Protein chains: 2
Amino acid sequence: MSRWSPEARNRLQAAALELFAERGYTETTVAAVAERAGLTERTFFRYFTDKKEVLFAEDPLGALVVAAITASAGPSALDLAVDGFRAAAAYLQADAPQVRRRAAVIAVTPELQEREMLKMSRWTAMVTETLQADQVEPRAARIAAEVSTALFRIAYDMWIDGSEVMGLVTLLDELLGVLQSVSETVPRR
Amino acid sequence: MSRWSPEARNRLQAAALELFAERGYTETTVAAVAERAGLTERTFFRYFTDKKEVLFAEDPLGALVVAAITASAGPSALDLAVDGFRAAAAYLQADAPQVRRRAAVIAVTPELQEREMLKMSRWTAMVTETLQADQVEPRAARIAAEVSTALFRIAYDMWIDGSEVMGLVTLLDELLGVLQSVSETVPRR
């Protein structure tokens, strides 16, 4: 194996996710991850600065969302923003087993949940900026960004917990439909 | 002063906010807060379990939001949820100087920001439950709750940073109007 190989990186990542699921994130050491992958601790640190980076490093989703918005022909600010998250949804859906394993680790580890929330709030900021660069008025940009992030997060939660059998993209589109309905009159009691 | 007086509580709270602003939250000790209020440390602990509780204890806002939703005649799920946050906005607006002092402390203290985010996510859960109890379909309830929380948070941020001179209630209503516009076609480039 060469000194810098995507294969070694993937093996470390897979080994880490296995061990996090078996023993818990906090209880898993970098040494154990390296051993499970048949590599040295030193090799681990060539790819990741620390244990947390296995779950959060080189996340292409933010860049993917921004690129999709820029390429979108969506007629409204919200359509643009949702097109961004549709691209992220398609990406995650293609790698469902790995994504679910990662989500399961985060769900039971409070310190990782904070990091995940922070990641989401960074996406909202990136989407806001991208929409503003696309001539959307600042307040409308922020609202479209917050609302689309919320729709994505709800769809993601439902998809991860398995309460919906739909794909993540379909689920996101469904929720966009529900969003339209929440402003309409509903029967009460 | 009696052993349990709202006056002592308010004095401790005011003293804490003053000291947090002067020295920073982390650098302020409970002893210093008690001294500034002219009370003992022991008295402090009769009213608050720890320093953080001065900023987060006995927050009536969650209950206020729920009560306002239950009392609302709003025709749609989103109108109901926004009526809840309108009540919270009116409450905060009436106590603007104290609210701004509290926000200024939180803005510069990362450990308090996490707690504040957690508080907001609890509100979203409470609003979701209240709407569901009001016969709103579960997914619509969660979306209306997330969207109204987002509108409130954006309005609050703008109101706190002073970039808008409007009152918090007016600002929230403005943003509700902007929300309608984000689904409509916008000119691009």
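Residues numbered from 1 in each chain as written. Chains lettered and ligands numbered in written order. Predicted model: local features only at pLDDT ≥ 70, side-chain atom pairs only at ≥ 80, totals over all residues. Heavy atoms only, no water.

Asker: Even after reading the chapter, I still don't get the overall build of chain A, so can you show me in this structure?
Answerer: Looking only at helices and strands, chain A features 10 helices and zero strands. Overall, chain A shows an N-to-C arrangement of helices and strands of α-α-α-α-α-α-α-α-α-α. Dimensions of chain A, computed from C-alpha atoms along their principal axes, come out at roughly 60 × 45 × 25 Å. Relative to its full complement of 189 residues, chain A shows a buried share of 49%. (Helix = DSSP H or I, 4+ residues; strand = E, 2+ residues; numbered from the N terminus. Buried < 20%, exposed > 50% of the residue type's maximum accessible area, 1.4 Å probe, protein only.)

Asker: I'm lost on the interface of chain B and chain A in this one. Help?
Answerer: Between chain B and chain A, the residue contacts involve 41 residues of the former and 40 residues of the latter. Of the roughly 3400 Å² buried between chain B and chain A, counting both surfaces, carbon and sulfur atoms make up 59%. Between the two partners, chain B and chain A, sit six salt bridges. Applying the counting rule to chain B against chain A returns 12 residue pairs in polar contact (both at pLDDT 80 or more). Only helix H5 (61-71), helix H6 (77-93), helix H8 (110-133), helix H9 (138-161) and helix H10 (168-182) of chain B provide two or more residues apiece to the side of chain B that touches chain A. The element that contributes the greatest number of residues to the side of chain B that touches chain A is H9(B), accounting for 13 residues. Of the residues belonging to the side of chain B that touches chain A, the class tally is 20 nonpolar, eight polar and 13 charged. (Contact = heavy atoms within 4.5 Å. Buried area = accessible area lost by both parts, 1.4 Å probe. Salt bridge = Lys/Arg side-chain N within 4 Å of Asp/Glu carboxyl O. Polar contact = N/O pair within 3.5 Å; in protein donor to acceptor, adjacent residues only side chain to side chain. Nonpolar A, V, L, I, M, F, W, Y, C, P; charged D, E, K, R; others polar.)

Asker: It is not clear to me how the relation of the copies chain B and chain A should be interpreted in this structure. Could you clarify?
Answerer: Between the two copies of this chain, the relationship is a rotation about some axis together with a displacement along it. Overlay of chain B on chain A (RMSD 0.0 Å): rotation 180 degrees, translation along the axis 0.0 Å. On the angle and the small slide along the axis, the relation comes out as a two-fold axis. Relative to the rotation axis, the C-alpha of B:Val147 is the closest in chain B, positioned 3.0 Å from it. Residue by residue, 98% of the interface of chain B is reproduced at the interface of chain A, so both copies engage with the same surface. (Least-squares fit on C-alpha atoms with pLDDT ≥ 70 in both.)

Asker: I keep staring at H8(B) and nothing clicks. Help me out?
Answerer: The periodicity of an α-helix, 3.6 residues per turn, causes residues three or four positions apart to be oriented the same way. Residue and element names in this part refer to chain B. Here H8 is 24 residues long and its end C-alpha atoms lie 35 Å apart, about the 34 Å a rise of 1.5 Å per residue gives. Buried residues belonging to H8 abut helix H4 (53-56), H5, H6, helix H7 (96-107) and H9. Gln 135 sits one or two positions beyond H8 and adopts a positive phi of about 70 degrees. (Expected span 1.5 Å × (residues − 1).)

Asker: Explain the confidence of the model for chain A here, please?
Answerer: Residues shown with low pLDDT carry predicted positions that ought not to be read at fine detail. All names here are of chain A. Confidence along chain A averages 89 in pLDDT terms, with 93% of residues attaining 70 or more. The weakest mean pLDDT in chain A belongs to helix H4 (residues 53-56) at 88; the strongest belongs to helix H2 (residues 30-36) at 96. Interface confidence in the predicted complex, given as ipTM, is 0.79; pTM for the same model is 0.82. (pLDDT = per-residue confidence, 0-100.)

Asker: Looking at this structure, how should I read the packing of aromatic side chains?
Answerer: How two aromatic rings sit relative to each other is given by the distance of their centres and the angle of their planes. In total, this model carries 16 aromatic pairs over all chains according to the counting rule given. Between B:Phe152 and B:Tyr156, the aromatic rings sit 6.1 Å apart at their centres with planes inclined by 25 degrees, giving stacked as the arrangement. Note that B:Phe152 and B:Tyr156 are positioned in helix H9 at a spacing of four residues, about one turn of the helix. Residue classification places B:Tyr156 among the buried positions, given a relative accessible area of 9%. Following the ring pairs from residue to residue traces out a cluster consisting of A:Phe85, A:Trp123, A:Phe152, A:Tyr156 and A:Trp159. The ring of B:Trp159 has B:Arg100 sitting right over it, with the charged end atom 4.5 Å from the ring centre. (Phe/Tyr/Trp six-rings, centres within 6.5 Å; stacked < 30°, edge-to-face > 60°. Lys NZ or Arg CZ within 6 Å of the ring centre and 35° of its normal.)

Asker: For this particular structure, what's the right way to read the packing of helix H7 (residues 96-107) of chain A against helix H9 (residues 138-161) of chain A?
Answerer: The angle between the axes and the distance between the axes are what describe a pair of packed helices. Residues and elements named next belong to chain A. Packing of H7 against H9 leaves a shortest axis separation of 10 Å and a crossing angle of 95 degrees. Looking at the two axes, H7 sits roughly perpendicular to H9. Only Tyr 156, Trp 159 and Ile 160 of H9 make contact with H7, whose side of the interface consists of Ala 96, Val 99, Arg 100, Arg 102 and Ala 103. For the contact of H7 with H9, the class distribution of residues is six nonpolar, no polar and two charged. (Axes fitted to C-alpha atoms, helices over the stretch in contact; angles between N-to-C directions. Parallel < 35°, antiparallel > 145°, perpendicular 65-115°, else oblique.)

Asker: Whenever I open this one, the packing of helix H1 (residues 6-23) of chain A against H7(A) confuses me. Can you help?
Answerer: Residues and elements named next belong to chain A. Where H1 contacts H7, the two axes come as close as 9 Å, and the packing angle between them is 45 degrees. Judged by the inter-axis angle, H1 sits oblique to H7. Of the two elements, H1 crosses H7, and the hand of that crossing is left-handed. Counting all contacts with H1, which are made through Leu 17, Phe 20 and Ala 21, the residues of H7 involved are Gln 98, Arg 101, Arg 102 and Val 105. (Left-handed = near helix turned anticlockwise from the far one by under 90°.)

Asker: Any chance you could explain the pattern of salt bridges here in plain terms?
Answerer: Side chains carrying opposite charge are able to pair once their charged atoms draw close together. Here the structure, examined in full by the defined rule, presents 28 salt bridges over all chains. Put simply, A:Arg86 and A:Asp83 hold a salt bridge, and the shortest N to O gap is 2.4 Å. Within this pair, A:Arg86 and its partner A:Asp83 are both found in helix H6 (residues 77-93), separated by three residues, close to a single helical turn. Overlapping salt bridges, with partners in common, bring together A:Arg142, A:Glu146, B:Arg153 and B:Asp157 in one network.

Asker: Please explain unusual backbone geometry as it appears in this structure.
Answerer: Leaving glycine aside, a negative phi is the common case for residues, and trans is the common case for peptide bonds. In this structure, A:Gln135 takes a positive phi of about 70 degrees despite not being glycine. On the accessibility criterion, A:Gln135 (51% relative accessible area) is exposed.

Asker: Please explain the environment of B:Ala21 as it appears in this structure.
Answerer: All names here are of chain B. With respect to the secondary-structure elements, Ala 21 resides in helix H1 (residues 6-23). Judged by relative accessible area, which is 59%, Ala 21 ranks as exposed. Residues Ala 21 and Trp 123 lie 102 residues apart in sequence; the distance between their C-alpha atoms is 27 Å.

Asker: Sorry if this is basic, but what is going on with helix H10 (residues 168-182) of chain A here?
Answerer: Between its first and last C-alpha, H10(A) extends 21 Å over 15 residues, near the 21 Å set by a 1.5 Å rise per residue. Buried within H10(A) we find A:Leu168, A:Val169, A:Leu171, A:Leu172, A:Leu175, A:Leu176, A:Val178, A:Leu179 and A:Val182. On its buried side, H10(A) packs onto H6 and H9 of chain A together with H6 and H9 of chain B.

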